[in-house]
Amino acid sequence: MAGSYEIVVVQIVMTEDLAKEAHTHGNTVPRRYADYYTSGLEIEIPQDQTKPIEIVIAQDSDGQ
């Protein structure tokens, strides 16, 4: 729906059946993105938006 949104990122990784070496999910999402007060992520969806939205976050400089 069109409008302004604050965004949080929740990462769920189901790997209990895999050895650590077999995990292909990449890095974990930095914790700050999981909270509305710290994520800093916002998006404005225009009324005529028809394409899917892709949100890409950068890895923190400390590797998290």
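It should be emphasised that the depicted structure is a prediction, and the values quoted were computed from it without experimental measurement.

A.B. asks: I'd like a description of the overall build of the chain, backed by residues and values.
C.D. replies: In terms of helices and strands, the chain carries 1 helix and 2 strands. Along the chain direction, N to C, the helices and strands of the chain fall in the order β-α-β. For the chain, the residues scored as buried account for 12% of the 64 residues in total. Long-range pairs, those at least 24 residues apart, make up 72% of the contacts in the chain with a sequence separation of at least 6. Counting only carbon and sulfur atoms, one obtains 51% of the accessible surface of the chain, whose full area is about 5800 Å².

A.B. asks: Describe the environment of Ile 7, with residues and values.
C.D. replies: You can see Ile 7 is positioned in strand 1 (residues 3-7). For Ile 7, a relative accessible area of 15% translates into the label buried. Along the sequence, Ile 7 and Ser 39 sit 32 residues apart, while their C-alpha atoms lie 7.1 Å from each other. Those residues in contact with Ile 7, other than ones at most four positions away along the chain, are Ser 39, Leu 41, Glu 42, Ile 43 and Ile 55.

A.B. asks: Help me get a handle on the side chain of Ser 39, residues and values and all.
C.D. replies: Along the polypeptide, Ser 39 turns up in helix 1 (residues 36-39). Judged by its relative accessible area of 5%, Ser 39 falls in the buried class. A polar contact is formed between the side chain of Ser 39 and the backbone oxygen of Ile 7, at a distance of 2.7 Å. Residues within four places of Ser 39 in sequence aside, it is in contact with Ile 7, Arg 32 and Tyr 33.

A.B. asks: Outline the confidence of the model for the chain, listing residues and values.
C.D. replies: A residue-level look at the chain finds 70% of positions with pLDDT of 70 or above and a mean pLDDT of 81. The weakest mean pLDDT in the chain belongs to helix 1 at 92; the strongest belongs to strand 1 at 95.

A.B. asks: Before we move on, could you go through the environment of Gln 47 and cite the residues and values that matter?
C.D. replies: Along the chain, Gln 47 falls in the segment after strand 2 (41-45). Sequence separation of Gln 47 and Ala 2 is 45 residues, and the distance between their C-alpha atoms is 4.9 Å.

A.B. asks: I'd love a proper account of the environment of Pro 30, names of residues and values included.
C.D. replies: Checked against the element boundaries, Pro 30 lands in the loop between strand 1 and helix 1. Looking at Pro 30, the relative accessible area reads 6%, which means it is buried. Between the C-alpha atom of Pro 30 and that of Ile 57, which follows or precedes it by 27 residues, the distance is 9.1 Å.

About the criteria used
- Residues numbered from 1 in each chain as written.
- Predicted model: local features only at pLDDT ≥ 70, side-chain atom pairs only at ≥ 80, totals over all residues.
- Heavy atoms only, no water.
- Helix = DSSP H or I, 4+ residues; strand = E, 2+ residues; numbered from the N terminus.
- Buried < 20%, exposed > 50% of the residue type's maximum accessible area, 1.4 Å probe, protein only.
- Contact = heavy atoms within 4.5 Å.
- Areas by Shrake-Rupley, 256 points an atom, 1.4 Å probe, with all protein chains shown as cover.
- Polar contact = N/O pair within 3.5 Å; in protein donor to acceptor, adjacent residues only side chain to side chain.
- pLDDT = per-residue confidence, 0-100.

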